[in-house]
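Spelled out from the first residue to the last, the chains are:
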Amino acid sequence: MEQNFEWSMYLLSALEREIRIVSTNQPNYAYAVYAHRVNTKEIYVERLAGDSAVLHITKVQAQDQGLFECYTPNTDGQYLGSYSARTNLTVIADSLTVAAPAQTLSKVESDTLQLTCEVSRTTLQHTHLSVGWYLRSPEDAAAPPQELVTLSRDFVLRSGGPYRQRMAAGDLRLDKTSATSYRLTIHKLQPVDQGLLYCQAAEWIQDADDSWFAMTRKQSDKTQLRIQPTDRDFSIQVSTERRSFTAGEPLELHCTIEAQNVPERFFSVSWVFSSSPVAVVGTSAVPVLGPDYVSREAAGHMTVRKESANVYLLKLQHLRPEDAGKYICRVTEREKTPTGDFIDRSKRSRNVQITVQPLKSNITVSLSSNSSEVLEGDVIQLTCSVQSTSGPLSVSWLWTDRQAAAPALELASVGREGTVWHGASYGGRSSYGEVRAEKVRADTFSLSLYNASPGDEGQYRCQATEWLQTGVGPEANWQIIGEKSATKAIAVKTVGKLVQPSPSRRTCILDWLE
């Protein structure tokens, strides 16, 4: 039965007076002071389950401070416990201010830039501040801002991405020069520093469970920074998260062109693997694939594209061992001279050595039975368990006689998706339900052989195969990464036959046929 919930609050100055807020059962439950906020969904209830719900206040106000109570009406015939709970809500006034002048600055490459941000608050509770400077690209307003440097709430300085090395070299600094002043300094300005710079601060408070919560965040006005390049040189960097991979994993290489006014210049980018062309992305941003990669791209196993004005991507979806080697990015700029002629200037990145280890299977197989010796007419039950799996499994059940003199016969097999096939030699018995193969779990398979006969005596083998999928959808391919098997010997004893006694001999002989 679904429980209903009712929320009320009590002002600390009038704890005896209930102020109703919202109910899951009564649409007009709220008192006037909360009715508008409930009707506009500023306050609402999220039901998590039949007996669980959450009250959301999207914009906390000072008047919300007080004692909150959650009550669930009794739906039982008798009272079996507590039907309400209370918690205290303390509302802290938002006193955080963040200020920096809105301005436009023009600098020359390699100059020094200094900007100051004023951050203050008058909160009575013990809170911490975090203050950081951010850069937003003028070329892509939708792109997330780049973190330059931040003083965390724990008073630790950190820098973001490409600025980490510049801070380590002393070319990027954040200094607290007074109780409220935070100064950003960038030495040796680069063209990539151009854009909108602003200061952002957050006020943090520690909850009773020792976790920290950002109560409020605010940004300053922005500084428009323009940087005049000293020349039209450019540099190239190829980056990847790591250089050692296992077959089947994806590889992403980013080629970044560091230059001034990239959108107004004409670059083409070539990817090369071990001296063989992979792809070329011309000034039109349309990739042209090398002959060895056309089918791979058509199957959706690789991606080549221009991600932004200065970043180019090469992605191989499913690495193969033969993908191991050296990758480089070659960038060519075509520039028009004052005479109207065109000149090409090319640069290449450093080699990026990628290693690809073949994917190895670590599965182990164990085979157990209900008994190693069964009577004729009983059932032979075998259970095959596979450990340390990383991919889907298929299993084949095989039988040979004790001496393994003849080739093994396939009793049945279970595919990756659990589909069962019976061997040709056992088709008749399987049609009568005497041979049953089953996938019990992802790593456990069973074989049942009913109405056992002496001919069923022999060696039973469970052969497990582990698979790896390369590609997705209709282009998906499967490859075997490992096979292991286990064998179990089963003996079948015949039922004894009673021999009639002769007139001259009154002895009953029970003859067991092995």
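Check the entry above for the structure.
Residues numbered from 1 in each chain as written. Predicted model: local features only at pLDDT ≥ 70, side-chain atom pairs only at ≥ 80, totals over all residues. Heavy atoms only, no water.

Visitor: Before we move on, can you summarise the overall build of the chain with the specific residues and values?
Guide: If you tally the helices and strands in the chain, you get four helices and 40 strands. For 514 residues, the compact-globule estimate of 2.2 N^0.38 gives 24 Å, and the C-alpha radius of gyration of the chain, at 37 Å, exceeds that figure by more than 25%. Along the first, second and third principal axes, the C-alpha set of the chain runs to 125 × 85 × 35 Å. When burial is assessed residue by residue, the chain has 38% of its 514 residues classed as buried. Intrachain contacts of the chain at a sequence separation of at least 6 include 55% that bridge at least 24 residues. Accessible area for the chain stands at about 28900 Å²; split by element, carbon and sulfur atoms hold 49% of it. In the chain, 53 side chains carry a positive charge and 58 a negative one; their mean positions are 4 Å apart. (Helix = DSSP H or I, 4+ residues; strand = E, 2+ residues; numbered from the N terminus. Rg over C-alpha atoms; globule rule 2.2 N^0.38 Å. Buried < 20%, exposed > 50% of the residue type's maximum accessible area, 1.4 Å probe, protein only. Contact = heavy atoms within 4.5 Å. Areas by Shrake-Rupley, 256 points an atom, 1.4 Å probe, with all protein chains shown as cover. Lys, Arg positive; Asp, Glu negative; His and termini not counted. Charge placed at Lys NZ, Arg CZ, Asp CG, Glu CD.)

Visitor: Lay out the nonpolar core in plain terms, naming residues and giving numbers.
Guide: Counting residues in hydrophobic clusters, the biggest one holds 32 residues, and the most contacted among them are Cys-255, Trp-271, Leu-314 and Val-331. When contributions to this core are tallied by element, the ones reaching two or more residues are strand E18 (235-239), strand E20 (251-258), strand E21 (267-273), strand E22 (276-281), strand E24 (302-306), strand E25 (311-316), strand E26 (325-336) and strand E28 (352-357). Beyond its immediate chain neighbours, meaning those up to four positions away, Cys-255 contacts Ile-236, Gln-237, Val-238, Val-269, Trp-271, Asn-310, Val-311, Tyr-312, Cys-329 and Val-331. Core analysis: the second largest hydrophobic core is formed by 28 residues, Leu-382, Val-414, Tyr-426 and Ala-486 among them. (Core = buried A, V, L, I, M, F, W, Y, C linked by side-chain atoms within 4.5 Å.)

Visitor: Help me get a handle on the sheet that holds strand E1 (residues 6-10), residues and values and all.
Guide: Taken in spatial order, the four strands make up an open sheet running E2-E1-E5-E6, and their pairing is antiparallel. Looking along the sheet, the strands with just one partner apiece sit at the ends: strand E2 (19-23) and strand E6 (84-89). Neighbouring strand axes in the sheet, compared pairwise and without regard to direction, differ in orientation by 25° on average. When strand E5 (residues 66-71) meets E6, the two strands line up antiparallel, connected through six bridges. (Pairing = 2+ DSSP bridges. Axes fitted to C-alpha atoms, helices over the stretch in contact; angles between N-to-C directions.)

Visitor: Run through the environment of Thr-58, naming residues and quoting values.
Guide: Turning to its location among the elements, Thr-58 is positioned in the loop between strand E4 (52-57) and E5. The sequence separation of Thr-58 and Ala-279 amounts to 221 residues, and the corresponding C-alpha distance is 50 Å. Residue contacts for Thr-58: discarding those within four places in its chain leaves Lys-41, Glu-42 and Tyr-44. A polar contact of 2.9 Å, which involves the side chain of Thr-58, links it to the backbone oxygen of Glu-42. (Polar contact = N/O pair within 3.5 Å; in protein donor to acceptor, adjacent residues only side chain to side chain.)

Visitor: I'd like a description of the packing of aromatic side chains, backed by residues and values.
Guide: Applying the stated criterion across every chain, the model contains four aromatic pairs. Taken together, a centroid distance of 5.8 Å and an interplanar angle of 20° make the contact between Tyr-134 and Tyr-198 stacked. Residue Tyr-134 is located in strand E10 (residues 127-136), and its partner Tyr-198 is located in strand E15 (residues 195-206); the two are separated by 64 residues in the primary sequence. Judged by relative accessible area, Tyr-134 falls into the buried class, the value being 16%. (Phe/Tyr/Trp six-rings, centres within 6.5 Å; stacked < 30°, edge-to-face > 60°.)

Visitor: Explain helix H1 (residues 32-39) residue by residue, including any values.
Guide: The set of residues buried in H1 consists of Tyr-34, Arg-37 and Val-38. Buried residues along H1 cover an arc of 100° about the axis, so they all sit on one side. Facing away from the buried side of H1, by more than 90 degrees, are the exposed residues Ala-32, His-36 and Asn-39. One or two steps after H1, the chain reaches Lys-41, where phi turns positive at roughly 65°. (Arc of directions from axis to C-beta.)

Visitor: Which residues make up the sheet that holds strand E14 (residues 181-186), and what are the values?
Guide: Two orientations exist for strands paired in a sheet by backbone hydrogen bonds: parallel and antiparallel. Taken together, four strands build an open sheet; the order of strands is E7-E9-E14-E13 and the sheet is antiparallel. Of all strands in the sheet, those with a lone pairing partner are strand E7 (97-99) and strand E13 (172-176), marking the two edges. Strand after strand, the sheet turns through a mean of 20° between neighbouring axes, direction not considered. As defined by bridge partners, E7 adjoins strand E9 (residues 113-120) across three bridges and the pair is classed as antiparallel. When the bridges of E9 are listed, Thr-97 appears paired with Ser-120.

Visitor: Can you lay out the pairing of E24 for me, pointing to particular residues and giving the numbers?
Guide: By the bridge criterion, five bridges tie E24 to E25 in an arrangement that is antiparallel. Across the sheet, the residue bridging to Met-302 is Leu-316, located in E25. Two successive antiparallel strands, E24 and E25, enclose a turn made up of four residues.

Visitor: Account for the state of the cysteines, naming residues and giving values.
Guide: Scanning all chains against the criterion turns up three disulfides. The residue that forms a disulfide with Cys-117 is Cys-199, at a sulfur-sulfur distance of 2.3 Å. Here the disulfide of Cys-117 and Cys-199 is left-handed, its torsion about the S-S bond being about -80°. Pair noted here: Cys-117 is in strand E9 and Cys-199 is in strand E15, with a separation of 82 residues, a long-range link. Residue Cys-117 is classed as buried on the basis of its relative accessible area of 0%. With a sulfur-sulfur separation of 1.9 Å, Cys-384 is cross-linked through a disulfide to Cys-462. The chirality of the disulfide connecting Cys-384 with Cys-462 is left-handed, given an S-S dihedral of about -75°. Taken together, the positions of Cys-384 in strand E31 (residues 380-387) and Cys-462 in strand E37 (residues 458-470) put the pair 78 residues apart, joining distant regions of the chain. Judged by its relative accessible area of 0%, Cys-462 is buried. (Disulfide = S-S within 2.5 Å.)

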